[in-house]
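The primary structure of each chain is shown beneath.
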Amino acid sequence: MSKLTPTPGQTVGPFYGYALPFNKDNELLAPGSAGSIRLQGTVYDGAGEPIPDAILEIWQPDSEGNVVQRTGSLVRDGYTFTGWGRAAVGNSGVFTFTTVNPGPTEVGAAPFISVVVFARGLMNRLFTRVYLPENEESLAADPLLSSLDPERRRTLIARRDADGGLTWDLRLQGENETVFLEFERFEGASQVNGASL
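Below is a summary of the structure that appears in this document. (Residues numbered from 1 in each chain as written. Predicted model: local features only at pLDDT ≥ 70, side-chain atom pairs only at ≥ 80, totals over all residues. Heavy atoms only, no water.)

1. A word on the overall build of the chain
Line of reasoning, step 1. Secondary structure assignment for the chain yields three helices and twelve strands.
Line of reasoning, step 2. Within the chain, the fraction of its 197 residues that count as buried is 39%. (Helix = DSSP H or I, 4+ residues; strand = E, 2+ residues; numbered from the N terminus. Buried < 20%, exposed > 50% of the residue type's maximum accessible area, 1.4 Å probe, protein only.)

2. A look at empty space enclosed by the protein
Line of reasoning, step 1. For the coordinates displayed, the defined rule picks out one cavity of 30 Å³ or more.
Line of reasoning, step 2. There is about 60 Å³ of room inside the largest cavity.
Line of reasoning, step 3. What lines the largest cavity is simply Lys24, Glu27, Leu28, Leu29, Ala30, Arg76, Asp77, Gly78, Tyr79 and Thr80.
Line of reasoning, step 4. Looking at side-chain class alone, the lining of the largest cavity contains four nonpolar, two polar and four charged residues. (1 Å grid on protein atoms, 1.4 Å probe; cavity = no way out; pocket = protein on both sides within 12 Å on 5 of 7 lines; lining within 4 Å. Points joined across faces, edges and corners; volume = space filled by probe spheres on them. Nonpolar A, V, L, I, M, F, W, Y, C, P; charged D, E, K, R; others polar.)

3. Observations regarding the nonpolar core
Line of reasoning, step 1. Val43, Leu56 and Phe95 are the most contacted members of the largest nonpolar core, which totals 29 residues.
Line of reasoning, step 2. Contributions of two or more residues to this core are made by β1 (36–44), β2 (55–59), β4 (94–100), β5 (112–118) and β6 (126–131).
Line of reasoning, step 3. Each residue touching Val43, except ones within four places of it in the same chain, is listed here: Glu49, Pro50, Ile51, Ala54, Leu56, Val89, Gly93, Phe95, Leu170 and Leu172. (Core = buried A, V, L, I, M, F, W, Y, C linked by side-chain atoms within 4.5 Å. Contact = heavy atoms within 4.5 Å.)

4. Structural notes on unusual backbone geometry
Line of reasoning, step 1. In this structure, Lys24 is a non-glycine residue whose phi angle is positive, near 60 degrees.
Line of reasoning, step 2. Tracing the sequence through the fold places Lys24 in the segment before β1.
Line of reasoning, step 3. Even without a glycine there, the phi angle at Asn176 is positive, about 60 degrees.
Line of reasoning, step 4. Here Asn176 lies in the loop between β9 (170–171) and β10 (182–183).

5. Digging into the pattern of salt bridges
Line of reasoning, step 1. On inspection of all chains with the given rule, the structure shows three salt bridges.
Line of reasoning, step 2. Among the salt bridges present, the one from Glu134 reaches Arg160, with a minimum N-O distance of 2.7 Å. Here the residue Glu134 occupies a position in the loop between β6 and α1 (136–141), and Arg160 occupies one in strand β7 (residues 159–160), the gap between them amounting to 26 residues.
Line of reasoning, step 3. According to the relative accessible area criterion, Arg160 is partly exposed, its value standing at 29%. (Salt bridge = Lys/Arg side-chain N within 4 Å of Asp/Glu carboxyl O.)

6. Observations regarding the layout of surface pockets
Line of reasoning, step 1. Approximately 250 Å³ is the volume found for the largest pocket.
Line of reasoning, step 2. Lining of the largest pocket is provided by Glu151, Arg154, Thr155, Ile157, Ala158, Arg159, Thr167, Trp168, Asp169, Arg171, Asn176 and Thr178.
Line of reasoning, step 3. Here the lining of the largest pocket is built from residues that sort into three nonpolar, four polar and five charged.

7. Let's talk about the packing of aromatic side chains
Line of reasoning, step 1. In total, this model carries three aromatic pairs according to the counting rule given.
Line of reasoning, step 2. Summarising the aromatic geometry, the rings of Phe112 and Tyr131 are spaced 5.4 Å apart at their centres and angled 50 degrees between planes, so their arrangement reads as tilted. You can see Phe112 sitting in strand β5 and its partner Tyr131 sitting in strand β6, a full 19 residues away along the chain.
Line of reasoning, step 3. Residue classification places Tyr131 among the buried positions, given a relative accessible area of 0%.
Line of reasoning, step 4. Stacked on the ring of Phe112, the Lys or Arg Arg129 has its end atom at 3.9 Å from the ring centre.
Line of reasoning, step 5. The ring of Tyr44 has Arg171 lying over it, and the distance from NZ or CZ to the ring centre is 4.3 Å. (Phe/Tyr/Trp six-rings, centres within 6.5 Å; stacked < 30°, edge-to-face > 60°. Lys NZ or Arg CZ within 6 Å of the ring centre and 35° of its normal.)

8. Comments concerning the side chain of Thr155
Line of reasoning, step 1. For Thr155, the location among the structural elements is in the loop between α3 (150–153) and β7.
Line of reasoning, step 2. In this structure the side chain of Thr155 is engaged in a polar contact, spanning 2.7 Å, whose partner is the backbone oxygen of Arg152.
Line of reasoning, step 3. Not counting chain neighbours up to four residues away, the residues in contact with Thr155 comprise Trp168, Asn176, Glu177, Thr178 and Val179. (Polar contact = N/O pair within 3.5 Å; in protein donor to acceptor, adjacent residues only side chain to side chain.)

9. Description of the side chain of Thr167
Line of reasoning, step 1. Here Thr167 lies in strand β8 (residues 166–167).
Line of reasoning, step 2. Residue classification places Thr167 among the buried positions, given a relative accessible area of 12%.
Line of reasoning, step 3. A polar contact is formed between the side chain of Thr167 and the side chain of Gln40, at a distance of 3.2 Å.
Line of reasoning, step 4. With near-sequence residues (within four places) excluded, Thr167 lies in contact with Gln40, Ala158, Arg159 and Asp161.

Here you go:
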């Protein structure tokens, strides 16, 4: 029996505008709903230039920390929170989601939103997180954040806006590069810079 050679990876994309977006894909609930906030930011390349053709997906618990297990993520009804959304960045590299502040999934845990990035030139999607900035005690105790030096840790914590929303920028390379996670196959463990979490 001959040994099979893996097929080489190809870059993520292109993203065809007629096939991928769907109505209200970046609205995890309707704008203006009770408790809704805006999560916004810009995706930058290694030279500090905005990337005009990235796509972000987010997964998160609801405001009570419950991981929602409802169907219908691709059909937005305007009131069911499904915990998943997708946003294509605009020509200026800016993305925006309408969502809620995620609650902690267990007592004392730091609330966060899981983020996946797809963009031109990436061989594979990138995984990261965005944390809420408020509870410093839970942020300090978080296994991922506590494994990072303070400068790197800052790339995962959003800024709270005056209107209650969150601003969080992603930098794919270069100065202040966002921390990205690697997941080991079949074991579910994650790594940052080669260290297991």
